[in-house]
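Residues per chain, in single letters:
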Amino acid sequence: MTGTDHGAGRRTVVVAVTLTLLLGFARSGAPSLTLQLFFTLFVVAATLWIRGQYLDSLDHHQWLISRRTAMVLIVVAVALVAAFLVWHSAGTALLGILVLYFLAGTGVTWLRQGPLSEERRLVLALALLGVGAVLALVGVLVLGGGEGTAWVVLELALLGLACFALLPVGLAVFSEVAVRRLCAGPSPHRLRVGLAGLVLYLAAVALMWWLTRSPWLLGAIVVLSLLVVAMTSTTQADIAFAMAVIALLGVTPLPADQPAQLQPRRDGQRLLVSLGDSYMSGEGASTYYRGTDEGGGNQCRRSPTAWSAMAGQQRPFGRVEFLACSGAKTVNVQTGTLPVRSGAPAPEPQTGETGTQLDRYLHDYGPDYTPSLVVAGIGGNDAGFSTIGLMCLAPANCDDESRLWTDALPQVRAGLRDTYRQLDRLFPRTPIVVVPYPDPIDLDGRCDDVSLTARERLFLHEFVTGGLNAMVAQTANEFGFYYLGGMESALADAHLQLCDPRNQGRPGLNFIGVRSVRGIAEQRFNPKNWSHSSLHPNERGHTAMLQAFESWLPEDLDVLRPRLTAFPAEVAVTEAAVPRVEPPCDVLDTSPAGCRPRGMQWAKGQVGTMLLTEGWMGLVALAGIWLAAVAFFGDRRHHSAVDSTLVATPPKPREKDAERSEIGPQKIENDSSTAAGPGPKIK
């Protein structure tokens, strides 16, 4: 098996080269035609590679690299990963991981078709599957059951070792045992096993669809089914499939350059100042301004299609100070040049930013400049909205833990007051418009587009409109700021909410938005950087939000008063005359006792409970597709063995042919001897 097979070796080299080219060009701004070309080349090379592996596996003579070469590649891969960890060499860690991944696949092939006896192969497979199942079960049981970094590492170690090492390898080796036994058995037996597996698979998938109506769950089962078939096939098709998906997900559109209207300049034009978080910056769009979507760096994700950026480039404005940044909290807006409330968190800039949003404004325009209008949308990240979204994606009802967030809103109000107080001092002669969050989801009728129950949809609606937005409106009123109430219904008015049947499945808000980031390969191809666009308005949503702003904006900005109240803001800021509710946790605390860690812990616990109580349906479906796959590959291998036997064994001569053979060969021999000269005589 490790002998010289120049054809297989060449195919492997070609796959490695085309994969390297594909990953190298799968980056931001790659020309579409070039990317399609290299992706097609990789698909063709991978198809020939997998086909060659499959054909070689039929006679148990699949080509493998030598042990010496494998040891050299392991050393090279470890050195590449170390180079990234020590010197942060871009791309070296990804290349090292790919080499180790390929070597792991080669090792599995050796276990399947190497010199191991059938009994040892079966014992090894059962041991791997057994240990993997135990570790997976323990990992699910401890999921969300503890606190702190050490507990998270334990969860990842147990589930990672089980799901990405022991169970896949054990399944591949056990599949080889099953394929060989089915190959040696009668054809009706293979047919019965295959049909039974197919029926089991279709029944389990139909049951899951009937119970959940979730296209996301159905898609996950289909992907896992393909991987099971790939691991059963005695090829490395799973590697090719995974690499193709990762390469495509690492592609991002070409970034946009900031136009002149977004460049700071004190030229007398009407200036719009945009402050806030991702709903203001344009997170959820497909294109961002250059330098604001860098994995591991600046991830403000300021988009040219953000409603405030578009508004600032249209009449009556001539310029926009676009400072909103994805992930911003109130402390990321505030400036350290003004006093901060005693006990409040200190202002701090976000990663990749030269200062907080107000610090940057002061740097660009100074404290004496008077812009025409300030729009500010902040508070969602302080309220833990991203964690709420993740909790609602978990299997259980997220409204069961609603007190974590609703009771913490007074703490969010304190941060808003600190921020609004600074805005009031920095812009005393400028109207300030506080922007609420659009209502994301329609409550009427059944919704199969999102994996949310009716209770969860109602909770999200009430938390955004009656909780967060109501608090923002009350706090804005304390300072005499304008409140853009029409923004709350912007998506609803345009029929762009999630679950609204009138948008025909094209809402203005991404439910699950899959998009990578710019930056080095280790960032672009990191799965944790692929879901940041989820639950954010897309281009359609920001167009509707722009319309809501334009409907509110008067033609003459001079009619807007700096403040709506006739008394100083300091006097207006008073505590509500209601008993204070002690929140169950600190919404800003990142320790295990904080609201966000507790919310994530709850979500993981619900995932574990779902896997223990309902995961059997998925296992039944995967068992069914595995039975169908081993029956198919066993039948193919059986037919290949029969064909090889027929070719190697000449047909048995009939009786008349045998009679002729007593004379025929003698005559042929005699003729040949006559033609060639003296030969042996025939007695």
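This text goes with the structure placed above it.
Below, the structure is looked at part by part. (Residues numbered from 1 in each chain as written. Predicted model: local features only at pLDDT ≥ 70, side-chain atom pairs only at ≥ 80, totals over all residues. Heavy atoms only, no water.)

Description of the overall build of the chain
Okay, so step 1: Counting secondary structure elements, the chain contains 24 helices and 7 strands.
Okay, so step 2: Across the 683 residues of the chain, 47% fall into the buried class.
Okay, so step 3: In the chain, 78% of the contacts between residues at least 6 apart in sequence involve partners at least 24 apart. (Helix = DSSP H or I, 4+ residues; strand = E, 2+ residues; numbered from the N terminus. Buried < 20%, exposed > 50% of the residue type's maximum accessible area, 1.4 Å probe, protein only. Contact = heavy atoms within 4.5 Å.)

Points about the pairing of strand β1 (residues 271-276)
Two faces make up the sheet, and in a regular strand the side chains alternate between them.
Okay, so step 1: With 6 of its 6 residues buried, β1 lies for the most part within the structure.
Okay, so step 2: Both faces of β1 are covered, namely the face carrying Leu271, Val273 and Leu275 and the face carrying Leu272, Ser274 and Gly276.
Okay, so step 3: Sheet topology note: the β1/strand β2 (residues 319-322) ladder contains 4 bridges and is parallel. Of the residues in β2, the one forming a bridge with leucine 271 is arginine 319.
Okay, so step 4: Sheet topology note: the β1/strand β3 (residues 373-377) ladder contains 5 bridges and is parallel. Across the sheet, glycine 276 pairs through a bridge with glycine 377, a residue of β3. (Pairing = 2+ DSSP bridges.)

A few points about helix α8 (residues 215-232)
Okay, so step 1: Over its 18 residues, α8 extends 26 Å from the first C-alpha to the last, a length consistent with the 26 Å expected when each residue adds 1.5 Å.
Okay, so step 2: Within the span of α8, buried status applies to Ile221, Ser225, Val228, Ala230, Met231 and Thr232. (Expected span 1.5 Å × (residues − 1).)

A few points about the sheet that holds strand β5 (residues 482-483)
Okay, so step 1: Judged by pairing direction, the sheet is parallel, and its 5 strands sit side by side in the order β2-β1-β3-β4-β5 without closing on themselves. What marks the edges here is a single partner per strand, and that holds for β2 and β5.

Regarding the pattern of salt bridges
Okay, so step 1: Across all of its chains, the model carries 23 salt bridges by this definition.
Okay, so step 2: Among the salt bridges present, the one from aspartate 293 reaches arginine 301, with a minimum N-O distance of 2.9 Å. The exposure classification of aspartate 293 matches that of arginine 301, with both residues buried.
Okay, so step 3: With a closest N to O distance of 3.9 Å, arginine 413 and glutamate 478 form a salt bridge. In this pair, arginine 413 is assigned in helix α16 (residues 409-426) and glutamate 478 in helix α17 (residues 454-479), connecting sequence segments 65 residues apart. Assigned by exposure class, arginine 413 and glutamate 478 land together as buried. (Salt bridge = Lys/Arg side-chain N within 4 Å of Asp/Glu carboxyl O.)

Focus on the state of the cysteines
Okay, so step 1: Counted under the stated rule, the structure contains 3 disulfides.
Okay, so step 2: Covalently, cysteine 300 is tied to cysteine 325 through a disulfide, its sulfur atoms 1.9 Å apart. Torsion about the S-S bond of the cysteine 300 and cysteine 325 cystine: about -80 degrees, corresponding to left-handed handedness. In this pair, cysteine 300 sits in the loop between α10 (278-281) and α11 (307-311) while cysteine 325 sits in the loop between β2 and α12 (330-333), placing the two residues 25 residues apart along the sequence. Note on accessibility: cysteine 300 and cysteine 325 belong to one class, buried.
Okay, so step 3: The disulfide bridge from cysteine 392 ends at cysteine 398, spanning 2.0 Å between sulfur atoms. The disulfide joining cysteine 392 to cysteine 398 has a torsion of about 75 degrees about its S-S bond and is therefore right-handed.
Okay, so step 4: The class of cysteine 392 is buried, set by a relative accessible area of 1%. (Disulfide = S-S within 2.5 Å.)

A word on the nonpolar core
Okay, so step 1: Among the nonpolar cores identified, the biggest contains 63 residues, and Tyr361, Tyr420, Leu423 and Phe463 are the most heavily contacted of them.
Okay, so step 2: With residues up to four places along the chain from it excluded, the contact list for phenylalanine 463 reads Ala383, Phe385, Ile388, Trp405, Thr406, Leu409 and Leu468.
Okay, so step 3: Within the second largest apolar cluster, 29 residues are counted, among which are Leu373, Val433, Ala548 and Leu557. (Core = buried A, V, L, I, M, F, W, Y, C linked by side-chain atoms within 4.5 Å.)

A look at the environment of leucine 141
Okay, so step 1: With respect to the helices and strands, the residue leucine 141 is situated in helix α5 (residues 118-142).
Okay, so step 2: In this structure, the C-alpha to C-alpha distance between leucine 141 and leucine 612, residues 471 residues apart in sequence, is 8.2 Å.

Here we look at the side chain of serine 303
Okay, so step 1: Tracing the sequence through the fold places serine 303 in the loop between α10 and α11.
Okay, so step 2: Side-chain polar atoms of serine 303 contact the backbone oxygen of threonine 287, separated by 2.9 Å.
Okay, so step 3: For serine 303, the contacting residues outside a window of four places in its chain are Ser281, Gly282, Ala285, Thr287, Tyr288, Tyr289, Ala309 and Phe322. (Polar contact = N/O pair within 3.5 Å; in protein donor to acceptor, adjacent residues only side chain to side chain.)

Describing unusual backbone geometry
Okay, so step 1: The omega torsion across arginine 315 and proline 316 is 10 degrees, close enough to zero to call that bond cis.
Okay, so step 2: Looking at the element boundaries, proline 316 is found in the loop between α11 and β2.
Okay, so step 3: One non-glycine residue, arginine 301, adopts positive backbone phi at about 50 degrees.
Okay, so step 4: Non-glycine residue histidine 495 carries a positive phi angle of around 55 degrees.
Okay, so step 5: Within the secondary structure, histidine 495 sits in the loop between α18 (490-493) and β6 (509-510).

Structural notes on the environment of arginine 457
Okay, so step 1: Inspection of the secondary structure puts arginine 457 in helix α17.
Okay, so step 2: Under the relative-accessibility criterion, arginine 457 is labelled buried at 5%.
Okay, so step 3: In this structure, the C-alpha to C-alpha distance between arginine 457 and isoleucine 441, residues 16 residues apart in sequence, is 6.7 Å.
Okay, so step 4: Among the polar contacts listed, one links the side chain of arginine 457 to the backbone oxygen of aspartate 442, at a separation of 2.9 Å.

Side note on a nonpolar patch on the surface
Okay, so step 1: On the surface, a nonpolar cluster with roughly 520 Å² of combined accessible area is contributed by Trp209, Leu218, Val222, Val223, Leu226, Phe241 and Val245.
Okay, so step 2: Here the element with the most residues in the nonpolar patch is α8; it accounts for 4 residues.
Okay, so step 3: Residue placement: leucine 226 occurs in helix α8.
Okay, so step 4: Residue classification places leucine 226 among the partly exposed residues on the basis of a relative accessible area of 48%. (Patch = residues over 30% accessible without salt bridge, like charges linked within 9 Å, V, L, I, M, F, W, Y side chains within 5 Å. Areas by Shrake-Rupley, 256 points an atom, 1.4 Å probe, with all protein chains shown as cover.)

Regarding the packing of helix α14 (residues 385-393) against α17
The description of two helices packed together rests on the angle between their axes and the distance between the axes.
Okay, so step 1: Here α14 crosses α17 at 170 degrees, and the two axes come no closer than 11 Å. Looking at the two axes, α14 sits roughly antiparallel to α17. Residue-level contacts link Phe385, Ile388 and Cys392 of α14 to Glu456, Phe459, Leu460, Phe463 and Val464 of α17.
Okay, so step 2: Each residue belonging to the contact of α14 with α17 can be placed in one class, and the counts come to 7 nonpolar, no polar and 1 charged. (Axes fitted to C-alpha atoms, helices over the stretch in contact; angles between N-to-C directions. Parallel < 35°, antiparallel > 145°, perpendicular 65-115°, else oblique. Nonpolar A, V, L, I, M, F, W, Y, C, P; charged D, E, K, R; others polar.)

What to know about α5
Okay, so step 1: Helix length check: α5, at 25 residues, gives a terminal C-alpha distance of 36 Å against a target of 36 Å (1.5 Å per residue), a fit within 8%.
Okay, so step 2: Where α5 is concerned, the buried positions are Arg121, Ala125, Leu128, Gly132, Leu135, Ala136, Gly139, Val140 and Val142.
Okay, so step 3: The positive-phi residue at the C-terminal boundary of α5 is glycine 144, with phi of around 75 degrees.

Side note on the packing of aromatic side chains
Okay, so step 1: Evaluation of the coordinates by the stated rule reveals 16 aromatic pairs.
Okay, so step 2: Consider the rings of tyrosine 289 and phenylalanine 322, whose centres lie 6.4 Å apart with planes at 80 degrees: the pair is edge-to-face. Of this pair, tyrosine 289 sits in the loop between α10 and α11 while phenylalanine 322 is found in strand β2, placing the two residues 33 residues apart along the sequence.
Okay, so step 3: Residue classification places phenylalanine 322 among the buried residues on the basis of a relative accessible area of 6%. (Phe/Tyr/Trp six-rings, centres within 6.5 Å; stacked < 30°, edge-to-face > 60°.)

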